[in-house]
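These are the residues of each chain, in order.
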Amino acid sequence: MKVYFTFFLLAICICSCNQSISTEKKVTSFHKEFQKGPLKITIDFSPEKPTIADRIELSLKVETSINYQVKMPEFSDNIGRVFYVYSFFPEPPKVKDKKRIYKHFYTLEALLSGKVTIPPIKILYNKAEQPTKKYTTVVDSIDIEIQAIDLDSQKKGIYDIQSIMPLHKSNFYLFLACVVVGIIFIVFFIKSIKSSPVLKGIEQDLRTPEEIAWERLKELLDKNYVENQKYQEFYFILTMIVRQYIEKKYKIKASGQTAEEFLDDIKKLDIFDAQRKRDFSEFLAATDFVKYAAQDPQEKEVTLVFTAAKKFMNLES
């Protein structure tokens, strides 16, 4: 009877812990907004009191009139001096209520404790009808306090090794219940992993880079971006597909870079044969035609990029 009662208490404890974790809300250390000319710049940083051991979430959002276009900053260069960029995700630009919205998301790890400063952030922008005339705005530097992990003031966190403590008989049943719960948890965890869609996604990645790229191109066409004149979204996803193809095909990884930065850097590496170099150059020329067009790309421009991407990835039908 005592065993069942102990198991029951343990189950309640686990459930209550899970509930407290699920209801826990992430707090924001700061939320700052800057109005710089036609640009509204928002920076969010969490958790509230980061330590040297925490992973830190940072987002940078720029909102402006549809009459302006923005080049998001090389922000990773700034934060790379005091933070390690664990992951980086740029959202494609969005248009909503006659406004353009740009977002970058970072997961960071602090390199130093104490007061650290993110240098001023420089953002370039231009009027849509005047793409060659650039304007610059600068966001003030940001001070952040990174807390160190406290150590014992006398022993400095290093203690003598204690002798093995015998298991008290009164705790035997609790130990046994923990072992049983652990075994049950492991069994259910393994079953859930086997049926998980994440695992299925990993299995799909065992296909050739060409097969994966072809599947993603078909998914892109099924979304009808071109038919709905959502050319920016189509172009952004297409360049990401080409980047992922190169990463898998040639075993190259580059964190903290946008797709365009990655493709520009790949051009400098000698990894392609002569034919593939020519196809890659044609693809980059087509993307430049879209990037530096006087206005948003049209159907003929994105069609040109799509054809060049298929040719480079050996997916011509």
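Presented here is a report on the structure given in the accompanying data block.

What counts, and where the lines are drawn
Residues numbered from 1 in each chain as written. Predicted model: local features only at pLDDT ≥ 70, side-chain atom pairs only at ≥ 80, totals over all residues. Heavy atoms only, no water. Pairing = 2+ DSSP bridges. Helix = DSSP H or I, 4+ residues; strand = E, 2+ residues; numbered from the N terminus. Axes fitted to C-alpha atoms, helices over the stretch in contact; angles between N-to-C directions. Contact = heavy atoms within 4.5 Å. Buried < 20%, exposed > 50% of the residue type's maximum accessible area, 1.4 Å probe, protein only. Parallel < 35°, antiparallel > 145°, perpendicular 65-115°, else oblique. Nonpolar A, V, L, I, M, F, W, Y, C, P; charged D, E, K, R; others polar. Salt bridge = Lys/Arg side-chain N within 4 Å of Asp/Glu carboxyl O.

1. Here's the deal with the sheet that holds strand β9 (residues 135-139)
Spatially, β4-β8-β9 is the arrangement adopted by the three strands of the open sheet, whose pairing is antiparallel. Two strands lie at the open edges of the sheet, namely β4 (68-71) and β9, each paired on one side alone. Across the sheet, the axes of successive neighbouring strands diverge by a mean angle of 30 degrees, strand direction being ignored. Here β4 runs beside strand β8 (residues 121-127); their pairing, made up of four bridges, is antiparallel.

2. Concerning the environment of Glu 145
The topology assignment puts Glu 145 in strand β10 (residues 142-146). When the C-alpha atoms of Glu 145 and Thr 51 are compared, they prove to be 8.6 Å apart, with 94 residues separating the residues in sequence. Ignoring any residue separated from it by four or fewer positions in sequence, one finds Glu 145 in contact with Pro 50, Gly 114 and Lys 115.

3. Notes on the environment of Gln 147
Tracing the chain through its elements places Gln 147 in the loop between β10 and α3 (172-194). Note on Gln 147: relative accessible area 35%, which makes it partly exposed. Among all residues touching Gln 147, those that are not within four sequence positions of it are Lys 49, Pro 50, Thr 51, Ile 52 and Ser 113.

4. A short note on unusual backbone geometry
Cis geometry is adopted by the peptide bond preceding Pro 47, which originates at Ser 46 and carries an omega value of 10 degrees. Summarising the element assignment, Pro 47 is placed in the loop between β2 (39-46) and β3 (55-65). Positioned with a positive phi, Asn 224 is a non-glycine residue whose angle comes to about 55 degrees. Mapped onto the elements, Asn 224 comes out in the loop between α5 (209-222) and α6 (231-250). Even without being glycine, Gln 229 reaches a positive phi, approximately 60 degrees. Within the secondary structure layout, Gln 229 lies in the loop between α5 and α6. What makes Gln 229 exposed here is its relative accessible area of 58%.

5. Let's talk about the packing of α6 against helix α9 (residues 299-312)
Remark: α6 packs on α9, axes separated minimally by 10 Å, with the N-to-C direction vectors making an angle of 10 degrees. Here α9 runs roughly parallel to α6, going by the angle between their axes. Only Glu 299, Val 302, Val 305, Phe 306, Ala 309 and Phe 312 of α9 make contact with α6, whose side of the interface consists of Tyr 231, Phe 234, Leu 238, Val 242, Tyr 245 and Ile 246. Looking at the contact of α6 with α9, its residues break down into 11 nonpolar, no polar and one charged.

6. As for the pattern of salt bridges
Applying the stated criterion across every chain yields a total of nine salt bridges. Glu 91 is the salt-bridge partner of Lys 94, the closest N and O atoms lying 3.8 Å from each other. Here Lys 94 falls in the partly exposed class, since its relative accessible area comes to 44%. Here Glu 91 falls in the partly exposed class, since its relative accessible area comes to 23%. Across the salt bridge formed by Lys 268 and Asp 265, the nearest N and O atoms sit 3.9 Å from each other. The exposure class of Lys 268 is exposed, given its relative accessible area of 69%. Within this structure, Asp 279, Glu 282 and Lys 311 form a network of salt bridges that share partners.

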